[in-house]
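# What the coordinates show
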Amino acid sequence: MDSDGISSLLRTGSVRVTMNDGSQFELPPLGEKCLVGPISVHFLFKDEASGKLRINILSLLSMVRAEQIEPIA
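Everything numeric here is computed off the predicted structure, so don't read it as measured data.

Criteria and cut-off values
Per-chain numbering applies: the sequence of each chain, read as written, is numbered from 1 onward. With the structure being a predicted model, the display of local features is reserved for residues of pLDDT at least 70 and the display and counting of side-chain atom pairs for 80 or more, all residues being used for whole-chain, interface and lining totals. Side-chain numbers here rest on the full set of heavy atoms in the structure, without hydrogens or water. Nine residue types can take part in a nonpolar core, namely buried Ala, Val, Leu, Ile, Met, Phe, Trp, Tyr and Cys, and a core is a set of them joined through side-chain atoms within 4.5 Å. A 1.4 Å probe rolled over the protein chains alone gives each residue an accessible area, and that area as a share of the maximum for its type sets the label: buried under 20%, exposed over 50%, partly exposed in between. Secondary structure elements are taken from DSSP: a helix is a run of H or I of four residues or more, a strand is a run of E of two residues or more, and numbering for both begins at the N terminus. Throughout, a residue-residue contact means that at least one pair of heavy atoms, one from each residue, lies within 4.5 Å. Only residues above 30% relative accessible area that lack a salt bridge enter a patch, with like-charged residues linked at up to 9 Å and the nonpolar side chains Val, Leu, Ile, Met, Phe, Trp and Tyr linked at up to 5 Å. Note that accessible areas follow from Shrake-Rupley with a 1.4 Å probe, and for residues the cover is restricted to the protein chains shown. Salt-bridge detection follows one rule: a side-chain nitrogen of Lys or Arg within 4 Å of a carboxyl oxygen of Asp or Glu. Here a Phe, Tyr or Trp ring, Trp counted by its six-membered ring, pairs with any other such ring whose centre lies within 6.5 Å, and the pair is stacked when the planes are under 30 degrees apart, edge-to-face when over 60, and tilted otherwise.

What follows covers the nonpolar core. In this structure, Ile6, Leu10, Val17, Leu27, Val41, Leu58 and Met63 are the most contacted members of the largest nonpolar core, which totals 13 residues. Every element with two or more residues in this core is listed here: α1 (3–11), β1 (13–19), β3 (34–36) and β4 (40–46). Ranked by residue count, the leading element in this core is β1, at three residues. Beyond its immediate sequence surroundings of up to four residues, Val41 is in contact with Ile6, Leu27, Cys34, Leu35, Val36, Asn56, Ile57, Leu58, Leu60 and Met63.

Listed below in structure tokens is the structure:
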């Protein structure tokens, strides 16, 4: 996956990405707790145990699939 491709998807809504190890993440739309850089995607999520916001960083090189899950109306 490249930064332009994932940015295009995130501009239109939430996206589910699958990493090369099989793990999946649901990314919020671009600008809503999500930032795409040249080699990674950074996004905020709420830690269920502590209730605090945490950051997760996903490598674009490790993404094997991205699919739209919730388009913006």
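Let us keep going from here.
A surface patch of nonpolar side chains, about 370 Å² in accessible area, is lined by Leu44, Leu53, Ile55 and Ile57. Counting residues per element, the nonpolar patch draws most heavily on strand β5 (residues 53–59), at three residues. Secondary-structure assignment places Ile57 in strand β5.

This brings us to the packing of aromatic side chains. Counted by the stated rule, this structure contains two aromatic pairs. Aromatic side chains Phe25 and Phe43 sit 6.3 Å apart centroid to centroid with 65° between the ring planes, which places their arrangement in the edge-to-face category. Taken together, the residues span a long stretch of sequence, with Phe25 in strand β2 (residues 24–27) and Phe43 in strand β4 at a distance of 18 residues. Residue Phe43 is classed as buried on the basis of its relative accessible area of 5%. Both rings, one in Phe43 and one in Phe45, keep their centres 6.3 Å apart while their planes meet at 50°; by these two values the pair is tilted. Put simply, the rings of Phe25, Phe43 and Phe45 touch in pairs and so form one group of aromatic residues.

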